[in-house]
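A closer look at the structure
Chain by chain, the residues run as shown.
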Amino acid sequence: MSTERSGQKGDLLLEMKDIVIDGYSDDRWHEIVKGVDVTLRRGEIMGLIGESGAGKSTLGLAAMGFARPGCRITSGSIMFDGIDLMKVSEAERRALRGSRIAYVAQSAAASFNPAHQLIEQTVESTVRRGIKPEAEARADARKLYRDLQLPNPDSIGDRYPHQVSGGQLQRVMTAMAMSPRPDLIIFDEPTTALDVTTQVEVLASMRRIVEHYNTAAIYITHDLAVVAQMADVIKVLRYGETIEDAETRKMLAQPEKAYTRSLWSVRSIEKPEEESEDIVLKVDHVDASYTGSAKVLDDVTIEVPRGHTVAIVGESGSGKSTTARAITGLLPPTKGQVLFNGKPLPPLLKERSIDQLQKIQMIYQMADTAMNPRQTVRDIIGRPLEFYLGLRGRERDQRLLELLEMIELDETFIDRLPAELSGGQKQRICIARALAASPELIICDEVTSALDQIVQKGILELLLRLQRELGLTYIFITHDIATVKAISDQIVVMLEGRVVEQGMKSEILSPPYPEYTKLLLSSVPEMNPDWLTGLLAERERESSSNP
Amino acid sequence: MANKGGVKAVLHPVVRTILQRLGLGLITLFVVSLILFSSIEFLPGDFGEAVLGQAALPETVAAFRKELGLDLPVHERYFDWLGGILTGDMGNSFSGRGSSGGTDRSRPVIELLAPRLANTLFLASMAAIISVPLALFLGITAALYRGSIYDRMVNAMTLTTISFPEFFVAYLLILVLSSFTKLFPSLANIGPDVDFWERVYLTALPALTLTLVIVAHMMRMTRAAIINLMASPYIEMAELKGASKSEIILQHALPNAWAPIVTVIAFNLAYLVVGVVVVEVVFVYPGVGQLMVDAVTTRDVPVVQGCAMIFAATYILLNLFADIISIITNPRLLHPR
């Protein structure tokens, strides 16, 4: 336990009272945080949870006395260890940042300066503030790297951000936050961009180091299961207001508000699996490669039954999306073929007929970037109606309205631009665009990963209903096991470009598991505060019993 | 990997890229020489006729052309010329060859060009030494105090100087700094035996004129390149690490902004060498620009070709230099995975 800090565990560290923060959009100021209180003691970790737009990050940054451009803290008081952050000068606030309060950002890859070595950035504020001389700070950084179980802790700091993986960067960023030994660290969705398997390691090392140095933390996330592993207390935010405040165990055991319960609602969808022999698409011993040498797909064979859902799971780089590219013809296979309704599809997209194109449609993870920002909903959905079905004028508009009804949006949406839609609505428009072609097969590539739990649930329910009504077939690419449980009939597990396991949902999700599937499944955080501790203990036992 | 690719794979990727660029530069220069030679070939008019006059007998013209080697086939003359350039010989100037057939007073192009080029490079260096640091300083400080009165003043002033034609700026400077205050001479007709500080003194006004003309472009690119990066997450991170505004700009934004900045600097430096004929005329400065214009009016083809090749080489060399700086300031290229 660290003794260099003044103050004892349990002393009041941060007290924010009646915080109001405005954000500027549509040419006026809106309240985005509406009178929230935060109380944090030394050594305590508070989980801040809610969907996007709830004001979590804004509130977290306000704890540093910082407002993003386009935001302003309009009222309330922020007392940090006896310093009123609202009253002191900007220079005094700046002096606290990077010395007594540190920040860990969501996207480590974007938040490291590409021009400097990792260790330079790790010790930057420690050295600048004169907390430690440069050599000592560097030695300490290497020690932190070791504590955080980074590979090659003595030399990894000499590398540049693009030279290490996302999970490693996230840990280096934790070391960077820890370097000046702050009293408080704000973790802003630090594992959201990581795979489940990587997430476990990062969570474990972050928790260990925060406990070790008795640092207080605010942990921001939209994943309740993750926060359950990290936090002592949880605060649920919605539309800038506190919904519920409670100790972690109490909140999980008996959430008081309906909204809190809805935060883990995706986990409540259950779809009975069905078997089928009617194969609509077969990926037949396909190899593929981007460079011509290294295989990214290696002998992949997948059969997709008509009217059912096949989920492809695996961590990033496992070849999930590449499989989709091979099916759609964006990346022609170097070996093997893709059979649709028993007939081979031409490997190249441009060699496929309009009819073949029409039958296979795609929905993407980022609805934002998958739509032309200057086209209205009418143009976006109308285009496939014209291109594939030759509908014009009245006929087209008629069909447009039907499609909007199918995705549960009304006709007022027809002339809106993508920027005027919420994340969930955008994804619905993308679904309607895919439906417009009257496809048989839709490939859904991480379609719910960028969405909040509640919105995710709505999209998944919509997809399930459309499948029932229209007999659609889905290939569902995801790394989220909760989503897989909710929607699939069959599961394909991929690792390093190969299919390591495939079968019915019930087979795959029940023991005995092959090693990788077990790792993948066991890494999915559970709504149990002891899950991470238990998992780490179990993995420890296993690795010591068979070295 | 290393044993597969042999020697090439052993080279650092940056060295390899630089060698590639260098090779490309040489190819470009070769293509330029080809275009240059053939386009002058297709120009209407004939040096022989121009010198001897329309009334000259065809035999006289033919003899004159033969003497200059103009009767040889095009490709032969091209390779002759190219070979000469590679060995540092750009041929002889046409002018000075009397039609009277008397003594040959023509001089090698190199002899004409070399002192002029030295003068041009001197003036360009002076302007560059003043303008590049000035542009960087103004650009960085304008980004630092973005939106302030200072920022707006710098923008407005540099835009004003770039908006006036060069000769106007030149005459204005002559009026103020020479006629009224007598600080600097209005003529910069330096001879070969002027010493260094005298040279600096004499070229002050032309250098200042050029500075005013090119500083806006470089300054605005510096400012824009830095501001463009200010919305990056790593800049916000630096803010949250307590870095001050100037630390953020100098340590976090500038190292990532060099590529666009040096491209614009290279472009402007090239302009200093090849595009300053107006300034040379105003200050009666004996540079390459005037030489070229004179050569064009007298159809002195070897001199025109020589000047044009030097201009092309300047552009290619400076752009190569900008490319190299862009590459070595990009950690992704300098430190591959």
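Residues numbered from 1 in each chain as written. Chains lettered and ligands numbered in written order. Predicted model: local features only at pLDDT ≥ 70, side-chain atom pairs only at ≥ 80, totals over all residues. Heavy atoms only, no water.

Structural notes on the packing of aromatic side chains
Two aromatic rings are characterised by how far apart their centres lie and by the angle between their planes. Taken as a whole, this structure holds twelve aromatic pairs over all chains when the rule is applied. Aromatic pair F187 of chain A and Y219 of chain A: ring centres 5.7 Å apart, planes at 35°, arrangement tilted. Placement of F187 of chain A in strand β7 (residues 184-188) and of Y219 of chain A in strand β8 (residues 216-221) is noted, with a sequence separation of 32 residues between them. For the pair F187 of chain A and Y219 of chain A, one class covers both residues: buried. An aromatic cluster is defined as three or more aromatic residues linked by ring pairs; in this entry it consists of F37, Y78, F79 and W81 of chain B. Lying across the ring of F413 of chain A, R416 of chain A places its NZ or CZ 4.3 Å from the centre. (Phe/Tyr/Trp six-rings, centres within 6.5 Å; stacked < 30°, edge-to-face > 60°. Helix = DSSP H or I, 4+ residues; strand = E, 2+ residues; numbered from the N terminus. Buried < 20%, exposed > 50% of the residue type's maximum accessible area, 1.4 Å probe, protein only. Lys NZ or Arg CZ within 6 Å of the ring centre and 35° of its normal.)

What about the interface of chain A and chain B?
Listed by partner, the interface residues are 27 residues for chain A and 20 residues for chain B. Of the roughly 2,300 Å² buried at the junction of chain A and chain B (both faces included), carbon and sulfur atoms supply 56%. When the buried surface of chain A facing chain B is broken down by residue, N113, R128 and H162 of chain A rank first, second and third, together holding 25% of it. The interface formed by chain A and chain B holds three salt bridges in total. A salt bridge links R68 of chain A to E236 of chain B; the shortest N-O distance between them is 2.5 Å. Here chain A is connected to chain B by 15 residue pairs in polar contact (both at pLDDT 80 or more). Elements with a minimum of two residues in the side of chain A that touches chain B: α3 (108-111), α4 (118-128) and α6 (166-178) of chain A. Counting residues per element, the side of chain A that touches chain B draws most heavily on α4 of chain A, at four residues. In terms of residue class, the side of chain A that touches chain B is made up of 13 nonpolar, eight polar and six charged. (Contact = heavy atoms within 4.5 Å. Buried area = accessible area lost by both parts, 1.4 Å probe. Salt bridge = Lys/Arg side-chain N within 4 Å of Asp/Glu carboxyl O. Polar contact = N/O pair within 3.5 Å; in protein donor to acceptor, adjacent residues only side chain to side chain. Nonpolar A, V, L, I, M, F, W, Y, C, P; charged D, E, K, R; others polar.)

Some details on the packing of helix α19 (residues 515-522) of chain A against helix α20 (residues 531-545) of chain A
All names here are of chain A. For the pair α19 and α20, the least separation of the axes is 12 Å and the interaxial angle reads 155°. Accordingly, the angle class assigned to the pair α19 and α20 is roughly antiparallel. Contacts between α19 and α20 involve K518, L519 and S522 from the former and W531, L535, R539 and E542 from the latter. Residues of the contact of α19 with α20, tallied by class, amount to three nonpolar, one polar and three charged. (Axes fitted to C-alpha atoms, helices over the stretch in contact; angles between N-to-C directions. Parallel < 35°, antiparallel > 145°, perpendicular 65-115°, else oblique.)

A short note on the nonpolar core
Residues L14 and L184 of chain A are the most contacted members of the largest nonpolar core, which totals 87 residues. Look past the residues within four positions of L14 of chain A in its chain and what remains in contact with it is V38, T39, L40, A63, I78, M79, F80, L184 and I218 of chain A. I140, I174, V215 and I249 of chain B belong to the second largest nonpolar core, which has 77 residues in total. (Core = buried A, V, L, I, M, F, W, Y, C linked by side-chain atoms within 4.5 Å.)

Thoughts on the domain arrangement of chain A
Residue and element names in this part refer to chain A. Each assigned domain of chain A is listed here: domain 1 (12-264) and domain 2 (271-511). Between the C-alpha centres of domain 1 and domain 2 the distance comes to 36 Å. The interface is formed by eleven residues belonging to domain 1 together with six residues belonging to domain 2. Carbon and sulfur atoms supply 44% of the area that domain 1 and domain 2 bury against each other, a total of about 830 Å² over both sides. If you sort the residues of domain 1 by the area they bury against domain 2, E51, D195 and H222 come out on top, with a joint share of 49%. One can count zero salt bridges joining domain 1 with domain 2. In this assembly, domain 1 and domain 2 are joined by zero residue pairs in polar contact (both at pLDDT 80 or more). Broken down by secondary-structure element, the contributors of at least two residues to the side of domain 1 that touches domain 2 are α7 (196-212) and α10 (258-262). Residue composition of the side of domain 1 that touches domain 2, by class: five nonpolar, four polar and two charged. (Domains from an automatic or database assignment.)

Quick notes on the confidence of the model for chain A
Residues and elements named next belong to chain A. Residues with a pLDDT of 70 or more make up 97% of chain A, whose mean pLDDT is 86. The spread of mean pLDDT over the elements of chain A runs between α10, the lowest at 80, and strand β6 (residues 101-104), the highest at 94. Note on residues 1-5: pLDDT under 50 across the span, and ten contacts to partners over four residues away in sequence or across chains. (pLDDT = per-residue confidence, 0-100.)

As for the pairing of strand β3 (residues 45-49) of chain A
Both faces of the sheet carry side chains from a regular strand, because those side chains alternate between them. All names here are of chain A. Burial runs high along β3: five of the five residues are buried. Neither face of β3 is left uncovered, since the one carrying I45, G47 and I49 and the one carrying M46 and L48 both have all their residues buried. Taken together, the five bridges between β3 and β8 define a ladder with parallel strand orientation. In the strand pairing of β8, I45 is matched with A217. Taken together, the four bridges between β3 and strand β9 (residues 233-238) define a ladder with parallel strand orientation. Among the inter-strand pairings, L48 is bridged to a residue of β9, identified as K235. (Pairing = 2+ DSSP bridges.)

Overview of helix α5 (residues 134-147) of chain A
Residue and element names in this part refer to chain A. Helix length check: α5 (14 residues) gives 20 Å between terminal C-alpha atoms against 20 Å at 1.5 Å per residue, within 8%. Among the residues of α5, those classed as buried are A137, D140, A141, L144 and Y145. Along the axis of α5, the buried residues cluster in a sector spanning 150°; they form a single face. Next to the buried residues of α5 lie α4, α6 and α7. Just downstream of α5, Q149 is the residue with a positive phi angle, here 55°. (Expected span 1.5 Å × (residues − 1). Arc of directions from axis to C-beta.)

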